[in-house]
Amino acid sequence: MSSAHKNKIAEFQSILSESHINLKVLRELCFNGIPFEGGIRCLCWKVLLNYLPRDQSLWDTVLQKQRETYAHFLREMIIQPGIAKVKFGVSREDVTLEDHPLNPNPDSQWNTYFKDNEVLLQIDKDVRRLCPDFSFFLNPTDYPCLLIMDPENEYETLRKRVEQTTLKSQTVARNRSGVTNVSSPLKSSASNSLGDYNPLPNGSEAHWEVVERILFIYAKLNPGIAYVQGMNEIVGPIYYTFATNPNSDWKEHAEADTFFCFTNLMAEIRDNFIKSLDDSQCGITSKMEKVYSTLKEEDEELYLKLQEQNIKPQFFAFRWLTLLLSQEFVLPDVIRIWDSLFADENRFDFLLMVSCAMLILIRNQLLEGDFTINMRLLQDYPLPNGDVLPILKKAKELQDSKC
Amino acid sequence: MAKKTYDLLFKLLLIGDSGVGKTCVLFRFSDDAFNTTFISTIGIDFKIKTVELQGKKIKLQIWDTAGQERFHTITTSYYRGAMGIMLVYDITNAKSFENISKWLRNIDEHANEDVERMLLGNKCDMEDKRVVPKAKGEQIAREHGIRFFETSAKANVNIEKAFLTLAEDILRKTPVKEPNSENVDISSGGGVTGWKSKCC
């Protein structure tokens with residue numbers, strides 16, 4: 001380790017050991033990249049995302065309370081409905097007397113159950129394809145959720161729910177003689193199309209299953225947004241950072257901690273995910289336009305070129321902004337960018353500057369390219385020298401010049 | 001000005017529920033490869049492939065869209081410019097088939113009237129998981145007067161054929177004119193007028 005890096009770690013440690021964290025100084029330090037060592041990044045992200053208060057003496061209480069709250073969510077939203085489902089399935093009387101699968105009442109538990117399944121299936125499709133070129137999410141977690149995995153409990157887990165719901169649509173096949181084959185669930189799940197992403201044996205679970213649970217709980221608690229594609233790409237880097245924390249005390253609680261940090265982050269960026277807000281003042285469209293208007297001020301030639309080629313910001317900036325660039329770069333680079341993003345007081349204005357900087361840094365290529373070449377550059381961004389730092393530096397310049 | 005390496009440019013659009021394999025269909029066509037592990041498409045993606053039909057070099061500009069409802073305001077803005085739309089469902093997913101009528105309505109509302117439409121039932125390699133019979137796909141295609149193929153991006157079934165057929169159908173409707181026709185005097189009987197730089 002270089003001495004500069006050692007100094008940097010020492011600087012962070014000194015700031016973080018103060019009883020009352022100086023947020024301004026911490027932000028400045030974090031902006032230039034947070035060390036991974038000793039779990040410093042996890043800690044800083046938790047502070048920057050307002051999960052941990054500035055008063056250090058409160059941390060233990062806050063963490064304990066929030067982790068209990070999360071366990072409570074799991075019980076209420078996954079375990080109890082799972083138990084109820086098993087009961088429904090077994091006891092016929094309950095089914096006919098109180099509630100049944102065809103009950104048209106919107107308050108019906110079955111109705112809720114089927115609606116939840118739709119959301120769950122959508123989440124399931126996406127978390128299985130989270131960072132596919134990176135094995136981490138396929139690996140088993142060291143801390144499977146004991147509450148959920150309890151072998152004593154005979155209830156329907158999310159995993160069983162997904163399996164059942166996917167099977168439901170393929171159980172009945174009729175052959176030519178009119179015989180209806182109801183294939184056994186066992187047989188079908190053996191030839192599951194899910195391939196590499198088959199769940200691990202009972203008692204262990206992969207990291208992607210943890211992410212699935214976080215998103216499901218979020219969807220249940222925020223029915224107005226529920227789940228929108230791309231949220232998985234926001235949870236991913238946070239969960240990865242927390243679940244690889246060298247500080248194992250905290251690593252064990254990566255799931256609950258990720259949930260709350262994700263929720264706090266979503267509070268700031270959720271408008272991007274809401275379709276009905278697209279054309280409102282706070283929606284994604286106005287942000288995309290801001291990227292272009294900033295570009296126009298900073299590099300009019302490039303702006304005019306993109307205009308002339310009819311390359312609209314929707315073609316690329318929609319994804320850049322909605323996903324906080326998480327699909328544009330490899331995970332370590334995404335995390336490095338997020339250090340700066342989270343550290344900035346006006347963090348999502350800063351994201352607009354980063355986007356603008358990304359355009360300016362490849363201006364020569366863009367000025368030469370035709371529509372096709374440029375679309376390819378923007379959808380598959382060629383990181384100059386494989387380093388994100390010049391982008392952040394340029395973005396900071398842009399931001400400072402506007403003050 | 002960059003030299004044009006094609007005679008015609010066709011803009012195509014892929015739509016359909018999320019997870020039916022739109023990105024895989026496109027990837028098979030553009031790169032002749034299959035990848036099971038695609039991240040979900042957010043907003044819109046884009047590929048180019050140049051094909052040759054009836055002696056003409058045709059550049060296909062193909063837009064791949066996100067399937068989820070949330071992205072419709074973003075994606076429907078691409079319908080207008082599209083000359084061909086491929087509507088994809090998954091033969092192992094009944095819901096994606098039920099939604100066909102919804103997608104067709106979207107086309108009616110947002111696309112040009114004369115847009116060429118095509119229906120694809122993807123994942124036809126997964127016969128043991130099939131829930132949508134081929135006949136049902138054929139029927140709905142017939143009802144709407146559009147072409148239909150069952151495809152498999154994985155096993156490379158009918159992918160190229162589907163794209164080429166769609167391109168041919170568009171080509172058939174494209175008014176026959178020489179690339180430099182704006183400089184041709186009709187009375188000259190279509191005589192060759194020498195090379196001029198083509199216009200977009």
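Residues numbered from 1 in each chain as written. Chains lettered and ligands numbered in written order. Predicted model: local features only at pLDDT ≥ 70, side-chain atom pairs only at ≥ 80, totals over all residues. Heavy atoms only, no water.

As recorded by an unreviewed UniProt entry, chain B carries the name small monomeric GTPase and is attributed to Xenopus tropicalis. Per UniProt, the comment on chain B under Sequence similarities (unreviewed entry) is "Belongs to the small GTPase superfamily. Rab family." The record in UniProt for chain B states the following under Cofactor (unreviewed entry): "Mg(2+)". (UniProt positions renumbered as here; feature names shortened; annotations may be inferred.)

An unreviewed UniProt entry lists chain A under the name TBC1 domain family member 13, with Xenopus tropicalis as the source organism. Regarding chain A, the UniProt comment filed under Subunit (unreviewed entry) reads as follows: "Interacts with RAB1A and RAB10; in a GTP-dependent manner." Per UniProt, chain A carries the Function (unreviewed entry) text "Acts as a GTPase-activating protein for RAB35. Together with RAB35 may be involved in regulation of insulin-induced glucose transporter SLC2A4/GLUT4 translocation to the plasma membrane in adipocytes."

Caption draft 1: The overall build of chain A, seen in detail. Counting its secondary structure elements, chain A contains 21 helices and 2 strands. Burial statistics for chain A: of 403 residues in total, 51% are counted as buried. Nonlocal contacts in chain A, meaning residues at least 24 apart in sequence, comprise 72% of its contacts between residues at least 6 apart. As displayed, chain A has an accessible area near 19,200 Å², and 51% of this comes from carbon and sulfur atoms. (Helix = DSSP H or I, 4+ residues; strand = E, 2+ residues; numbered from the N terminus. Buried < 20%, exposed > 50% of the residue type's maximum accessible area, 1.4 Å probe, protein only. Contact = heavy atoms within 4.5 Å. Areas by Shrake-Rupley, 256 points an atom, 1.4 Å probe, with all protein chains shown as cover.)

Caption draft 2: Geometry of the domain arrangement of chain A. Residues and elements named next belong to chain A. One can read the domain layout of chain A as domain 1 (3-53), domain 2 (59-80 + 105-166 + 202-273) and domain 3 (275-401). Taking the mean C-alpha position of each, domain 2 and domain 3 sit 30 Å from one another. Taken together, the 14 residues of domain 2 in the interface contact 18 residues of domain 3. Buried surface at the junction of domain 2 and domain 3, both sides included, amounts to about 1,500 Å², of which 66% is carbon and sulfur. Here domain 2 is connected to domain 3 by 1 salt bridge. Arginine 347 is the partner of glutamate 268 in a salt bridge, and the nearest nitrogen-oxygen pair spans 2.8 Å. Looking at the side of domain 2 that touches domain 3, the elements that each hand over two or more residues are helix H11 (231-243) and helix H13 (254-269). By residue number, the principal contributor to the side of domain 2 that touches domain 3 is H11, which donates 6 residues. Tallied by class, residues from the side of domain 2 that touches domain 3 come to 8 nonpolar, 3 polar and 3 charged. (Domains from an automatic or database assignment. Buried area = accessible area lost by both parts, 1.4 Å probe. Salt bridge = Lys/Arg side-chain N within 4 Å of Asp/Glu carboxyl O. Nonpolar A, V, L, I, M, F, W, Y, C, P; charged D, E, K, R; others polar.)

Caption draft 3: Highlighting the pattern of salt bridges. In this structure the tally under the stated criterion is 27 salt bridges over all chains. One salt bridge connects Arg28(B) with Asp32(B), and the closest N-O pair in it is separated by 3.0 Å. A relative accessible area of 51% means that Asp32(B) is categorised as exposed. One salt bridge connects Glu127(B) with Arg130(B), and the closest N-O pair in it is separated by 2.7 Å. Each of Lys46(A), Arg67(A) and Asp257(A) takes part in one network of salt bridges that share partners.

Caption draft 4: The arrangement of the packing of helix H2 (residues 23-31) of chain A against helix H17 (residues 331-343) of chain A in detail. Residues and elements named next belong to chain A. The contact between H2 and H17 brings their axes to 8 Å, and the two run at 155°. When the interaxial angle is binned, H2 and H17 end up roughly antiparallel. Seen along the crossing, H2 lies across H17 with a hand that is left-handed. The segment H2 lies against H17, with Arg27, Cys30 and Phe31 engaging Arg336, Asp339, Ser340, Phe342 and Ala343. (Axes fitted to C-alpha atoms, helices over the stretch in contact; angles between N-to-C directions. Parallel < 35°, antiparallel > 145°, perpendicular 65-115°, else oblique. Left-handed = near helix turned anticlockwise from the far one by under 90°.)

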